[in-house]
Amino acid sequence: MPVATIDGAPVWRHRTSRQSLLIWFGWLCLVALFVFCWQVMTRDTIWAFVEDAPRQAADIGSRMFPPRWSYIERLLLPLWDTLNIATLGTVLGIIIAVPIAFLAARNTTPSTLIVRPIALFIIVASRSINSLIWALLLVSIIGPGVLAGVIAIGLRSIGFVAKLLYEAIEEIDEKQVEAVRSTGASGAQVIDYAIVPQVLPAFFGIAVFRWDINIRESTILGLVGAGGIGLQLQASLNVLAWPQVTMIFVVILATVVISEWVSAKVRHAII
Amino acid sequence: MLTIEGLTKTYKTGDKALKNVSVSVPSGQVVGLIGPSGAGKSTLIRCINRLVEPTSGAVKMGDSDITRLSRSELRRARRRIGMIFQEYALVERLTVMENVLSGRLGYVPFWRSFTRRFPQESVDKAFALLERVGLGDHADKRADALSGGQRQRVGIARALEQDPELLLVDEPTASLDPKTSRQIMRLILEICRERGLPAIINIHDVVLAQDFTQRILGLRAGELVFDGAPDALDEAALTRIYGEEDWTAMRRRSGDEEPEHHSEREMVERLEGLA
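Only a predicted model underlies this, so the values are computations on that prediction, with no experimental measurement involved.

Draft legend 1. The nonpolar core, seen in detail. Residues B:I156 and B:L233 are the most contacted members of the largest nonpolar core, which totals 83 residues. With 32 residues, the next largest nonpolar core counts A:A179, B:L18, B:F85 and B:L168 among its residues.

Draft legend 2. Representation of the interface of chain B and chain A. Counting residues at the interface gives 31 residues for chain B, matched by 18 residues for chain A. Of the roughly 2,100 Å² buried where chain B meets chain A, counting both sides, 57% is carbon and sulfur surface. Remark: the boundary between chain B and chain A carries two salt bridges. The partner of A:D192 in a salt bridge is B:R116, and the shortest N-O contact between them spans 3.1 Å. For the interface between chain B and chain A, the tally reads ten residue pairs in polar contact (both at pLDDT 80 or more). Across the side of chain B that touches chain A, the residue classes tally to 14 nonpolar, seven polar and ten charged.

Draft legend 3. Looking closely at helix α6 (residues 148-161) of chain B. Compared with an ideal rise of 1.5 Å per residue, which puts 14 residues at 20 Å, α6(B) spans 20 Å between its outermost C-alpha atoms and is within 8% of the ideal. Among the residues of α6(B), B:G149, B:R151, B:Q152, B:R153, B:V154, B:G155, B:I156, B:A157, B:R158, B:A159, B:L160 and B:E161 are the ones counted as buried. Here the buried face of α6(B) lies against α7 (174-181) of chain A together with β6 (81-84), α3 (96-101), α5 (120-132), β7 (166-170) and α7 (178-195) of chain B. Phi turns positive one or two residues past the end of α6(B), at B:D163, with a value near 55 degrees.

Draft legend 4. Spatial organisation of a nonpolar patch on the surface. Residues and elements named next belong to chain A. A surface patch of nonpolar side chains, amounting to about 580 Å² of accessible area, comprises L113, I114, I118, F121 and I122. In this fold, I114 is placed in the loop between α3 (76-104) and α4 (115-128). The class for I114 is exposed, based on a relative accessible area of 57%.

Draft legend 5. Examining the environment of A:A125 more closely. Positionally, A:A125 belongs in helix α4. Considered as a pair, A:A125 and A:Q232 are 107 residues apart in the sequence and their alpha carbons are 30 Å apart.

Draft legend 6. Examining the sheet that holds strand β9 (residues 215-220) of chain B more closely. Residues and elements named next belong to chain B. Spatially, β6-β7-β8-β3-β9-β10 is the arrangement adopted by the six strands of the open sheet, whose pairing is mixed. With one partner strand each, in any of the chains shown, β6 and β10 (223-228) form the two edges of the open sheet. Strand after strand, the sheet turns through a mean of 20 degrees between neighbouring axes, direction not considered. Summarising the sheet, β9 and β10 pair through five bridges and their orientation is antiparallel. The partner of L219 across the bridge, within β10, is L224. Here helix α1 (residues 41-48) sits on the sheet in contact with β3 (30-34), β6, β7, β8 (199-202) and β9, set at roughly 150 degrees to β7.

Draft legend 7. Expanded view of the domain arrangement of chain A. By domain assignment, chain A separates into domain 1 (1-39) and domain 2 (81-270). Just the C-alpha atoms count here: the centres of domain 1 of chain A and domain 2 of chain A sit 44 Å apart.

Conventions adopted
- Residues numbered from 1 in each chain as written.
- Chains lettered and ligands numbered in written order.
- Predicted model: local features only at pLDDT ≥ 70, side-chain atom pairs only at ≥ 80, totals over all residues.
- Heavy atoms only, no water.
- Core = buried A, V, L, I, M, F, W, Y, C linked by side-chain atoms within 4.5 Å.
- Buried < 20%, exposed > 50% of the residue type's maximum accessible area, 1.4 Å probe, protein only.
- Contact = heavy atoms within 4.5 Å.
- Buried area = accessible area lost by both parts, 1.4 Å probe.
- Salt bridge = Lys/Arg side-chain N within 4 Å of Asp/Glu carboxyl O.
- Polar contact = N/O pair within 3.5 Å; in protein donor to acceptor, adjacent residues only side chain to side chain.
- Nonpolar A, V, L, I, M, F, W, Y, C, P; charged D, E, K, R; others polar.
- Helix = DSSP H or I, 4+ residues; strand = E, 2+ residues; numbered from the N terminus.
- Expected span 1.5 Å × (residues − 1).
- Patch = residues over 30% accessible without salt bridge, like charges linked within 9 Å, V, L, I, M, F, W, Y side chains within 5 Å.
- Areas by Shrake-Rupley, 256 points an atom, 1.4 Å probe, with all protein chains shown as cover.
- Pairing = 2+ DSSP bridges.
- Axes fitted to C-alpha atoms, helices over the stretch in contact; angles between N-to-C directions.
- Domains from an automatic or database assignment.

Written out as structure tokens, the structure is:
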């Protein structure tokens, strides 16, 4: 009760004294917990190594420079693979995600009791597993190569795209749906005329955003043998060819910057 | 001929939106439905095309009881009932033409509507209707590029594209300025006259309702408490519908407009005679 009467005049405070004290105590507990956890976590740290860190970093840094520019010739093909993994994986993910999003959205799902929980489970399952782990599984199932990378990226994208899309579907203006339904339109026609036009901008934004993320994710899939530029990265790391590693970093950085620029342009054009 | 018998709607929350409402609307009659907010006006007209499922009672159009239809029969029944909405309810990102043609969705199979290949007579009809509501040049614009009055005209064209036998109109003027409101009401009334189309118009503005409709229904807390001619809506009736209030100011205003508002209805009738 923040309103009190002092000297006959009503006084308003944001919180009562008791609430303020409780909140202050809560913060104190949080800080104490942090300090305690910090001690537990660093128990096994060998501080001599940490003290040595700047020197080690400088050492590796000096060996990484200058990058081996001529190595780019051998990176172009893996880079092309990487872009293909990202793009095809995104397409695969979207194709599977769109129907799942409609099954998961509260206002379009055919059954809230059975179908919706299944769709939500698929979304959570896909999102909870990193694409690197998907790739690890797939490489051992279908063997190393680009295909494993495409499927790994696709599986990881399903959850992301479906989740954002079903949230967009749930936020549409129901009056437009009601209006189309009142003309005697069938369920499929209602989706086509009332729901799709409303979620289309969100859909394109999500798709391009995910493609952008997938470019970054697909650069490391090679580490587990799923094709792309990551294969070169691992090979170079194994033979301690630091100038090549630097060159790969430069190429990845350039690709990510370009993909981000493209996705920003596309999203801007849509909205 | 629309007949509503003992219509009752109880929402899941236990709110009784409609209590045993019975009324019949002969063909060609334009009915104004007034009442305070939350009286059940919207629920009543949505029960007619079952956008809201009534709890009990019957809604008869001709011989068929709409409340007993199966899903596919209901879709066929909805084709015959045009609906015009508050705040237009156009699909904002579709073009004006697509919005008007969506009135034909109940008549075409999915693939034709998906590829936007509607029969030529539907497209001809849509052009004629856009011309009729004064939007002949706007067919290719996106709906969100239009002003409020223009959007409501598209909404009217969409409802008429259905070839309806009944119009349900939900607060057509709630988001329009006074002049546009009168123009829209006049347009709806003219079109009903031209086609002998019965209409139920939910409306907040009592003066507009009196000016433009032939019969007024008053709803209060889900019960029908007034049913009569616009002129019979006196202070006692208004108090019965809305509760105690000093109505003299409003009555005086509508009284001032008396000569004009009579000519409003009469002019439409005269135009009707000429046609």
